[in-house]
Amino acid sequence: MTLLKALRDEGIEKIVIMPDSLISKCIDPYQPEKQEIDCIQVLNESEAVCICSGLNLTGICSVCVMENSGIRSACDIISRFELAHGIHNIFILTNRGEVGEENWWGIYHNEVTDEILKTLQIKTILVKTMNEFQRAIHNSIKTFKTEQASVAILLEYSFFKEI
């Protein structure tokens, strides 16, 4: 089972992605012919949230993929959509900054992730394995379809060791 297959099996039609080196092991937006789902690559995280929100509002089930620092970068647009207008999304986030981070610039990213997600009222699931991801995406879609909350699936480093 791959991440893309798990998403496709759950009815995800589009991925809006701000790629990073971890998620690129699973989703390579530079090779669209190899994708099982349409990928839309963006220039920044706020753009990803806007496009994903628009797709979801039109009935095209999509997910927004970025590293956890992207939530911080997109706080303004997420707070307007999520809190002010009730426009929700499913986020798949690489959990940069946990123990094992290999990049100096990523060390402190996860220090604020939990608090930002709580403040934005985004429900969170930590995922360490592909089996956990399959359950997480299934349950995230259920919650998302209530039209009451966004969900963030945080992919831990152990998830990428399986790939």
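Before reading on, note that the structure itself is shown above.
The present account deals with the structure reproduced in this document. Fair warning: this is a prediction, and the values are worked out from it, not measured in the lab.

1. Overview of the layout of surface pockets
Here the largest pocket defines a volume of roughly 300 Å³. The set of elements that each furnish at least two residues to the lining of the largest pocket consists of helix 2 (45-57) and helix 6 (130-145). Partitioning the lining of the largest pocket into residue classes produces 6 nonpolar, 5 polar and 4 charged.

2. Let's talk about unusual backbone geometry
Non-glycine residue Gln-121 carries a positive phi angle of around 60°. Following the sequence through the fold, Gln-121 ends up in the loop between helix 5 (110-119) and strand 5 (123-127). Here Gln-121 falls in the exposed class, since its relative accessible area comes to 56%. Here Glu-147, not a glycine, exhibits a phi torsion of approximately 60°, which is positive. The residue Glu-147 is located in the loop between helix 6 and strand 6 (151-155) in this model.

3. Observations concerning the nonpolar core
Judged by nonpolar contacts, the single largest core of 29 residues is most densely connected at Leu-3, Leu-7, Phe-133 and Leu-155. Excluding anything up to four places from it in sequence, Phe-133 contacts Leu-3, Ala-6, Leu-7, Ile-92, Val-127, Ile-153, Leu-155 and Phe-159. Of all hydrophobic cores here, the second largest spans 23 residues; its members include Val-16, Cys-52, Phe-81 and Leu-93.

4. What to know about helix 6
A rise of 1.5 Å per residue sets the reference length of helix 6, with its 16 residues, at 22 Å; its end C-alpha atoms lie 22 Å apart and thus fit the reference within 8%. The set of residues buried in helix 6 consists of Met-130, Phe-133, Ala-136, Ile-137, Ser-140, Ile-141 and Phe-144. One face of helix 6 carries all of its buried residues, which in axial projection span an arc of 130°. When the buried face of helix 6 is taken as reference, the exposed residues oriented beyond 90 degrees from it are Arg-135 and Lys-142. Looking one or two places after helix 6, you find Glu-147, whose phi comes out positive at around 60°.

5. Quick look at the sheet that holds strand 1 (residues 14-17)
Sheet strands line up and pair through hydrogen bonds in the backbone, either parallel or antiparallel. Read from one edge to the other, the open sheet built from 6 strands follows the order 2-1-3-4-6-5, with strand pairing classed as parallel. A single partner strand is all that each edge strand has here, and the edge strands are strand 2 (38-41) and strand 5. Each adjacent strand pair in this sheet contributes to an overall mean axis angle of 25°, direction not counted. When strand 1 meets strand 3 (residues 62-67), the two strands line up parallel, connected through 4 bridges. Paired with Lys-14 across the bridge in strand 3 is Ser-62. Contacts between helix 2 and the sheet are confined to strand 1, strand 2, strand 3 and strand 4 (90-94), with strand 3 contributing the most and set at about 170° to the helix.

6. Remarks on the environment of Thr-124
Structurally, the position occupied by Thr-124 is in strand 5. On the basis of relative accessibility, which here comes to 39%, the residue Thr-124 falls in the partly exposed class. C-alpha of Thr-124 to C-alpha of Val-151: the two residues are 27 residues apart in sequence and 5.7 Å apart in space. Here Thr-124 is in contact with Leu-117, Ala-152 and Leu-154, once residues within four sequence places are set aside. Reaching out from Thr-124, the side chain makes a polar contact with the backbone oxygen of Ile-122 at a distance of 3.4 Å.

Scoring rules and cut-offs
- Residues numbered from 1 in each chain as written.
- Predicted model: local features only at pLDDT ≥ 70, side-chain atom pairs only at ≥ 80, totals over all residues.
- Heavy atoms only, no water.
- 1 Å grid on protein atoms, 1.4 Å probe; cavity = no way out; pocket = protein on both sides within 12 Å on 5 of 7 lines; lining within 4 Å.
- Points joined across faces, edges and corners; volume = space filled by probe spheres on them.
- Helix = DSSP H or I, 4+ residues; strand = E, 2+ residues; numbered from the N terminus.
- Nonpolar A, V, L, I, M, F, W, Y, C, P; charged D, E, K, R; others polar.
- Buried < 20%, exposed > 50% of the residue type's maximum accessible area, 1.4 Å probe, protein only.
- Core = buried A, V, L, I, M, F, W, Y, C linked by side-chain atoms within 4.5 Å.
- Contact = heavy atoms within 4.5 Å.
- Expected span 1.5 Å × (residues − 1).
- Arc of directions from axis to C-beta.
- Pairing = 2+ DSSP bridges.
- Axes fitted to C-alpha atoms, helices over the stretch in contact; angles between N-to-C directions.
- Polar contact = N/O pair within 3.5 Å; in protein donor to acceptor, adjacent residues only side chain to side chain.

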